[in-house]
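So the chains spell out like this:
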Amino acid sequence: MDTQTLRTIANRVRRRDLQAVFEAGAGHIGGELSVTDLLTALYFKIMSVDPAAPLAPERDRFVLSKGHTALALYIVLAEKGFISKDEISTFLKPHSRLNGHPNRTKVPGVETNTGPLGHGLPIGVGMAKAAKLSNASWRTFVITGDGEMQEGSNWEAIMSAAQFKLDNLTLIIDHNRLQQGARLADTNNLAPLAPKVAAFGWDVQEIDGHNMEQICEVLDASQIVTGKPKCIVAHTNKGQGISFMSDNVAWHHKVPNAEQYKIAMDELEKAAP
Amino acid sequence: MNAPFETSKLHDCRDAFVSTLEELGSANEDIVAVCNDSVGSSKLAGFRDKFPERLINVGIAEQNMVGVGAGLANGGKIPFVCAASPFLTGRALEQIKADVAYSETNVKLVGISSGLAYGELGATHHSIEDFAWIRALPNVPVIAPADRIETAAVIKWAAAHQGGCFLRLSRVGVPDLFPEDHDFELGKANVLHEGTDVTLIANGTLSYRAVIAANILKTNGISARVLNMATVRPIDSAAIIAAASETGAIVTCEEHTVFGGLGSAVAEVVVDECPVPMKRLGVPGVFAPTGPANFLLDEFGMSPQGIAESATDLLKRKR
C-alpha cells in the first residue's frame with residue numbers, strides 16, 4: 001500500500017475518532033491523534049495480520065501499551081475488518097465491548113488487556129521470546145507513550161530484551177512530549193529518550209511520527225539489526241491534525257464542544273489527501 | 001480414608017515440583033520456566049541443565065517476569081513463572097491482575113517458599129497475604145498442595161489446564177498424606193480423616209498437623225473429620241456444607257493471615273449456606289516474629305495439640 005493511501009486512511013481514522021469522542025463525551029483524543037499514523041502504518045503496511053484468523057499462530061503481534069488510546073486502535077481494527085465500522089458508535093456505552101481500554105477476550109485483534117501503564121513492553125518481550133523459542137519469523141510491536149516510560153517495569157523489560165537479543169521486537173515510543181496534566185519536561189523529564197534506550201543495548205532510531213514515508217521505512221524488516229531489539233522514538237504531536245489541540249496539554253482527555261467539533265472536523269476534512 | 005503417614009519422613013515439595021516439571025518438559029517442548037534470579041530457591045537448575053533455552057531468567061524484576069510469562073503464553077508457550085511467593089504476588093500483583101487474570105492467559109504462577117517458610121528472614125519475606133490477594137481475582141484458581149504427591153499431581157493438572165493458576169508451594173518439610181496414585185481435582189476437597197463431631201479444614205503444610213490433631217482428639221473421645229482443601233478458589237462449597245451439616249462445627253487452619261484466606265473462604269460458604277460455629281486459625285493479623293516456620297505455626301496455636309484444643313473449645317459453642 002502506498003503512503004498516499006495510508007495518509008488517506010489515517011485521516012479517516014482521525015475524523016472517526018473525533019466524532020466518536022464528541023458523541024461519547026469522553027476519550028483520550030490528544031494521544032489518539034498522536035498515535036494514529038503509527039497505527040495505520042502498522043496495520044496497513046507493516047504487519048501480517050488477518051481479520052479472518054485473528055489468532056493465527058504466525059501472525060505478527062501488536063500491543064498498545066498506552067491502552068487509554070484504545071479508541072484509535074478500535075477504529076483501525078474496524079478499518080482493517082476485525083470489527084464492524086458501525087460498532088464504533090457503541091464506544092463506552094453500557095455493555096459495549098469497546099470500553100476505554102482494549103480487552104483481548106472481547107475484541108478480536110487485541111492481543112492483551114492494557115490500561116495500567118508499563119504492562120505492554122514486558123508482554124512484548126515474552127511474545128518475542130516465544131517466537132525465538134519456536135524459530136518463528138513473526139514480529140512483535142509495542143507502542144508506549146513517552147510519559148509511560150516513567151514506569152519502572154518498562155526498563156526491566158528493556159534490560160531483558162537486550163539480554164535475550166530480541167531483534168524481532170520493536171518498541172515505538174509515541175513521543176508527544178505531554179502527559180496527562182503537564183509537559184513531560186515539567187514532570188519527570190526522560191528526554192532525550194534515544195540515548196537512554198541505546199545505552200541498554202538497543203538499536204534506536206528517531207523519526208517524525210507523522211511522516212508516513214519515515215514510519216514505513218524505519219519499520220520495514222530490512223531495518224532489523226541482528227541481535228538487537230529496536231526502539232523507534234517517534235516524535236509526534238498530541239492532538240496532531242487539529243490546530244487548537246496540537247501540542248496543547250489541555251487536550252489529553254478533553255471533549256470538544258459543538259463549535260470546537262465543527263472547526264476540528266473542517267480542519268481534518270480540508271487536510272484529507 | 002484415614003491417611004497413614006510417618007512424620008519422621010518429611011519431604012520438601014519443591015523437589016516434587018521440579019521433577020514433575022522436568023518430566024512434563026521432556027514430553028512437551030512448549031513448557032518453559034520463567035524466574036527472577038531464583039534458579040536456586042526455585043530448584044530450577046535441573047530444568048535449566050535439561051532445557052537451557054527454556055529457562056528464562058529475567059533477573060530480579062518480578063513485574064517484567066509476569067509480563068514476560070503472559071507474552072510467552074500469547075506465543076503458544078506454557079510458562080511456569082516461579083519466584084518466592086511474597087515477591088511474585090506482592091510486587092507483581094497488578095501484572096497478575098491485568099496480564100494473567102483479566103487477559104485470561106495461560107500462565108502458571110508458582111509461589112515458592114510461601115507462608116512462613118522464610119520465618120527467620122522476617123515479615124518482608126513472609127507470604128501470608130497471597131491467598132487473599134489472588135483469591136480476589138477472577139480466572140486464577142488458587143491451590144496449595146499438602147504433600148509431595150499432591151504437589152506432583154497439581155503440577156500435572158496445571159500443565160494440562162487451559163488458563164492461569166496460582167500454585168502455592170512451600171519448602172517446609174511435610175510427610176506423605178496421599179497414596180502415590182492420587183489424582184488432583186480442582187475445587188475438590190479430600191477427606192483425610194473421617195469424623196462426626198467437628199471438621200478440621202486445612203491445606204498446604206497444615207494438613208498433616210490437622211490429621212495429628214484429629215488423632216489427639218480421638219484419644220479424647222472426639223471424632224474429627226479432616227478435609228484437605230488444596231483449592232482455595234474455587235472453594236469446594238459442597239464439602240463445606242456437608243461438613244457443617246454432618247459435624248456441626250468447623251476449624252480452619254492455614255499458614256496465612258486469618259484475613260481473606262482459607263478460613264475466610266470457608267466462612268463465606270458457612271455464613272451464606274449453613275451457619276455453624278467456626279474457629280479460624282492462622283496468623284492473627286500481625287507481622288509474625290522471627291523464627292522457623294514450624295515454630296511460628298506452633299506459636300500461633302497451630303501445633304497439633306493447639307488445633308485439638310481449639311476444636312475442643314469450639315465444641316462448647318456447638319448447638
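Nothing here was measured: the structure is a model prediction, and the numbers come from that model.

Looking at this structure, I do not really get the overall build of chain B. What am I missing?
A count of helices and strands for chain B gives twelve helices and twelve strands. C-alpha extents for chain B along the principal axes are approximately 60 × 40 × 40 Å. For chain B, the proportion of its 319 residues judged to be buried stands at 58%. Contacts in chain B between residues at least 24 apart in sequence constitute 80% of all its contacts with a sequence separation of at least 6.

Explain the packing of helix 1 (residues 13-27) of chain B against helix 7 (residues 148-160) of chain B here, please?
For any two helices packed against each other, one specifies the inter-axial angle together with the distance between the axes. Residues and elements named next belong to chain B. Contact geometry of helix 1 with helix 7 gives a least axis separation of 8 Å together with a crossing angle of 35°. You can see that helix 1 and helix 7 cross each other, and the crossing is right-handed. Residues Cys13, Asp15, Ala16, Phe17, Thr20, Leu21 and Leu24 of helix 1 form the contact with helix 7, whose participating residues are Arg148, Thr151, Ala152, Ile155, Lys156 and Ala159. Its residues placed into classes, the contact of helix 1 with helix 7 shows eight nonpolar, two polar and three charged.

Explain the interface of chain B and chain A here, please?
By a frequent convention, interface size equals the accessible area lost on bringing the separate parts together. Contact residues are listed per partner, giving 26 residues for chain B and 26 residues for chain A. Of all the secondary-structure elements, those providing two or more residues to the side of chain B that touches chain A are helix 3 (62-74) and helix 5 (93-102) of chain B. Here the element with the most residues in the side of chain B that touches chain A is helix 3 of chain B; it accounts for nine residues. Class assignment of the residues belonging to the side of chain B that touches chain A gives a composition of nine nonpolar, eleven polar and six charged.

Just checking my understanding: could you explain the pairing of strand 11 (residues 250-257) of chain B for this structure?
The two faces of the sheet receive side chains in turn, since in a regular strand these alternate between them. All names here are of chain B. For strand 11, the tally of buried residues reaches eight of eight residues, placing the bulk of the element in the interior. The pairing of strand 8 (residues 198-202) with strand 11 spans four bridges and is parallel. Bridge pairing in strand 11 places Ala202 opposite Cys253. As judged from the five bridges shared by strand 11 and strand 12 (residues 278-283), these two strands associate in the parallel manner.

Please clarify how the sheet that holds strand 4 (residues 203-208) of chain A should be interpreted in this entry.
The strands making up a sheet associate through backbone hydrogen bonding, with each pair oriented either parallel or antiparallel. Residue and element names in this part refer to chain A. The parallel open sheet is built from five strands, whose spatial order is 1-2-3-5-4. This sheet does not close on itself; its edge strands, each paired only once, are strand 1 (61-64) and strand 4. The average undirected angle you get between the axes of adjacent strands in this sheet is 20°. Here strand 3 (residues 169-175) runs beside strand 5 (residues 230-235); their pairing, made up of six bridges, is parallel. Note that in strand 5 the partner of Asp174 across the bridge is Ala234.

Explain unusual backbone geometry here, please?
Excluding glycine, most residues fall at negative phi; most peptide bonds, likewise, are trans. For the bond running from Ala191 of chain A to Pro192 of chain A, omega is 0°, close enough to zero to count as cis. Structurally, Pro192 of chain A can be placed in the loop between helix 6 (184-187) and helix 7 (193-199). Omega for the bond connecting Arg233 of chain B with Pro234 of chain B falls within 30 degrees of zero, at 0°, which places this linkage in the cis form. Following the sequence through the fold, Pro234 of chain B ends up in the loop between strand 10 (231-233) and helix 9 (237-247). Unusually for a residue other than glycine, Asn135 of chain A sits at a positive phi of about 50°. Position of Asn135 of chain A among the secondary structure elements: in the loop between helix 4 (120-133) and strand 2 (140-145). The exposure class assigned to Asn135 of chain A is exposed, which follows from the 6 C-beta atoms found within 10 Å. Positive phi is not limited to glycine here, since Glu104 of chain B has a value of about 55°. Glu104 of chain B gets classed as partly exposed once you count the C-beta atoms within 10 Å, which come to 18.

Even after reading the chapter, I still don't get the domain arrangement of chain B, so can you show me in this structure?
Residue and element names in this part refer to chain B. Domain boundaries in chain B define domain 1 (13-168) and domain 2 (190-315). Here the C-alpha centroids of domain 1 and domain 2 sit 26 Å apart. Facing 22 residues of domain 1, the contacting portion of domain 2 comprises 29 residues. Among the elements that make up the side of domain 1 that touches domain 2, the one with the highest residue count is helix 6 (residues 130-135) (three residues). Here the side of domain 1 that touches domain 2 is composed, by residue class, of 13 nonpolar, four polar and five charged.

Just checking my understanding: could you explain the packing of helix 1 (residues 3-24) of chain A against helix 9 (residues 258-271) of chain A for this structure?
All names here are of chain A. At a closest axis distance of 9 Å, the pairing of helix 1 and helix 9 adopts a crossing angle of 170°. In this view, helix 1 runs roughly antiparallel relative to helix 9, as classed from their interaxial angle. Where helix 1 abuts helix 9, its residues Asn11, Arg14, Arg15, Leu18 and Phe22 lie against Tyr261, Ala264, Met265, Leu268 and Ala271. When its residues are assigned to classes, the contact of helix 1 with helix 9 shows seven nonpolar, one polar and two charged.

Before we go on, may I ask you to explain the pairing of strand 3 (residues 78-84) of chain B in this structure?
All names here are of chain B. For strand 3, the tally of buried residues reaches seven of seven residues, placing the bulk of the element in the interior. Pairing analysis gives five bridges linking strand 1 (residues 31-35) to strand 3, with the strands arranged parallel. Counted as the bridge partner of Val32 is Pro79 from strand 3. As paired elements, strand 3 and strand 4 (residues 108-112) share five bridges and run parallel to each other. Counted as the bridge partner of Ala84 is Ile112 from strand 4.

Even after reading the chapter, I still don't get the sheet that holds strand 8 of chain B, so can you show me in this structure?
Residue and element names in this part refer to chain B. If you walk across this open sheet you meet the five strands as 7-9-8-11-12, and the pairing is mixed. Edge positions in the sheet fall to strand 7 (190-193) and strand 12, since each has one partner strand and no second. Each neighbouring strand pair of the sheet contributes to a mean axis angle of 25°, computed without reference to strand direction.

Explanation requested: helix 1 of chain A in the structure shown.
Residue pairs three or four apart in sequence face the same way in an α-helix, which turns once every 3.6 residues. All names here are of chain A. Taking 1.5 Å of rise per residue, the 22 residues of helix 1 would be expected to cover 32 Å, and the 31 Å separating its terminal C-alpha atoms lies within 8% of that figure. By the burial criterion, the buried members of helix 1 are Leu6, Arg7, Ile9, Ala10, Val13, Arg14, Arg16, Asp17, Leu18, Ala20, Val21 and Phe22. The elements touched by buried residues of helix 1 are helix 2 (29-46), helix 3 (70-80), helix 8 (212-219) and helix 9. Downstream of helix 1 by a residue or two, Gly25 has a phi angle that is positive, lying close to 70°.

Help me understand helix 3 of chain B, please; the structure alone is not making it clear to me.
All names here are of chain B. Look at helix 3: 19 Å from first C-alpha to last across 13 residues, which is about the 18 Å you get at 1.5 Å a residue. In terms of burial, helix 3 is largely enclosed, as 13 of its 13 residues are buried. Count one or two residues on from helix 3 and you reach Gly76, which has phi positive near 95°.

What counts as what
- Residues numbered from 1 in each chain as written.
- Chains lettered and ligands numbered in written order.
- Predicted model: local features only at pLDDT ≥ 70, side-chain atom pairs only at ≥ 80, totals over all residues.
- Helix = DSSP H or I, 4+ residues; strand = E, 2+ residues; numbered from the N terminus.
- Buried ≥ 20, exposed ≤ 12 C-beta atoms within 10 Å, placed from the backbone.
- Contact = placed C-beta atoms within 7 Å.
- Axes fitted to C-alpha atoms, helices over the stretch in contact; angles between N-to-C directions.
- Left-handed = near helix turned anticlockwise from the far one by under 90°.
- Nonpolar A, V, L, I, M, F, W, Y, C, P; charged D, E, K, R; others polar.
- Pairing = 2+ DSSP bridges.
- Domains from an automatic or database assignment.
- Parallel < 35°, antiparallel > 145°, perpendicular 65-115°, else oblique.
- Expected span 1.5 Å × (residues − 1).

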